[in-house]
Structures are given as C-alpha cells and as structure tokens.
Amino acid sequence: MTRVWKWNRPVTVREVLEDLQQERSIAYTTVMTVLDNLHQKGWVRREAEGRAYRYEAVSTRAAYAAALMNDAWSQSDNPAAALVAFFGMMSEEQRQALTDAVRMVQGPEATETRGTPDRPDENPASVRDDTGR
C-alpha cells in the first residue's frame, strides 16, 4: 500500500516491482499476488489496461490508519483504559496533533462551551485508568 499511496495514481505491478527492486530482490508474482490480495480485501481498485491491471488506492493512508486504530480499539475489553494507555505512549507532537484533531471535530462552538486551558470546565469529561490517571 505504501507504494500505491506514494504515487497517488493508478500503478501497474511492473512499476511497483521496479520500485521495490531498488531496495531488495522480489519476484513479479509476489507483487502481483499482494496487489491482488489488496484488491480482494477492497483496499485497491483495479482497471484493466491491455493484459495488465492498474491499481489505485480506495482510501487515503490516513483513513487506513484510522480504520486500524478503530479496529484495535473496538476489540478491547476496556476501551477507556486502552485509550489511556495509547495516549501514554504518544510523543508531545502526537498529543498536540490529537488536541488539534479533537478541536477540528468539535468545531468552533465547542471552544465557547468547553472553556479554555486557563479556565477549564467545572465538570470535565475524563477517562481514568486503574492508576487514577
């Protein structure tokens, strides 16, 4: 998928093969099988071009990452604790990206009703794990 996203256009097995061969030895049939599997799973669509196919990503890399995170989170027996543990693994940049994303999802109205860092809500929604964090 990384190679398909990299070009951001429909690609052939041959193009992906040649790109991968710059880093390692790999067989044409291996690349063809992987792209076919991605097509069967619905991650890429393909269109015939002569005797070959051109493959194109169905979703963005960000949407793919979000789907993986959602799948992992939904399988947890304690989603709140899983989120707390995940947040604890984040770097400062990742936490800032999360804060920015929450603001984007909530929209401007949320800022007016939820308070500011220097004037937090009186009853903030919080998620705590077993350690009280």
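How each quantity is defined
Residues numbered from 1 in each chain as written. Predicted model: local features only at pLDDT ≥ 70, side-chain atom pairs only at ≥ 80, totals over all residues. Heavy atoms only, no water. 1 Å grid on protein atoms, 1.4 Å probe; cavity = no way out; pocket = protein on both sides within 12 Å on 5 of 7 lines; lining within 4 Å. Points joined across faces, edges and corners; volume = space filled by probe spheres on them. Helix = DSSP H or I, 4+ residues; strand = E, 2+ residues; numbered from the N terminus. Nonpolar A, V, L, I, M, F, W, Y, C, P; charged D, E, K, R; others polar. pLDDT = per-residue confidence, 0-100. Contact = heavy atoms within 4.5 Å. Salt bridge = Lys/Arg side-chain N within 4 Å of Asp/Glu carboxyl O. Buried < 20%, exposed > 50% of the residue type's maximum accessible area, 1.4 Å probe, protein only.

**Q** Is there a simple way to explain the layout of surface pockets in this structure?
**A** To find leftover empty space, one rolls a probe the size of a water molecule over the atoms. Estimated volume of the second largest pocket: approximately 400 Å³. Surrounding the second largest pocket, 15 residues form its lining, Met-69, Leu-83, Phe-86, Phe-87 and Leu-98 being those nearest its centre. Sorting the residues of the lining of the second largest pocket by element identifies α4 (61–74), α5 (79–89) and α6 (92–106) as the ones contributing at least two each. For the lining of the second largest pocket, the element with the most residues is α4, which contributes five residues. Its residues placed into classes, the lining of the second largest pocket shows twelve nonpolar, three polar and no charged.

**Q** Would you take a moment to explain the confidence of the model for the chain for this structure?
**A** The predicted structure's coordinates, where accompanied by low pLDDT, should not be read in detail. In this model, the chain carries a mean pLDDT of 85, and residues with pLDDT of at least 70 account for 82%. Highest mean pLDDT in the chain belongs to helix α3 (residues 28–40) (97); lowest belongs to strand β5 (residues 119–120) (46). The model gives residues 118–133 a pLDDT under 50, and that stretch makes ten contacts with residues more than four places away or in other chains.

**Q** Before we go on, may I ask you to explain the pattern of salt bridges in this structure?
**A** It is possible for side chains bearing opposite charge to pair when their charged atoms get close. In the structure shown here, the tally under the stated rule is ten salt bridges. A salt bridge links Glu-23 to Arg-3, with the shortest nitrogen-to-oxygen separation between them at 3.0 Å. Linking Glu-23 in the loop between α2 (13–20) and α3 with Arg-3 in helix α1 (residues 2–7), this pair joins segments that are 20 residues apart in sequence. Given a relative accessible area of 57%, Glu-23 falls into the exposed group. In this structure Arg-3 comes out as buried when scored by relative accessible area, which is 16%. Asp-100 is paired through a salt bridge with Arg-103; the nearest N and O atoms lie 3.4 Å apart.

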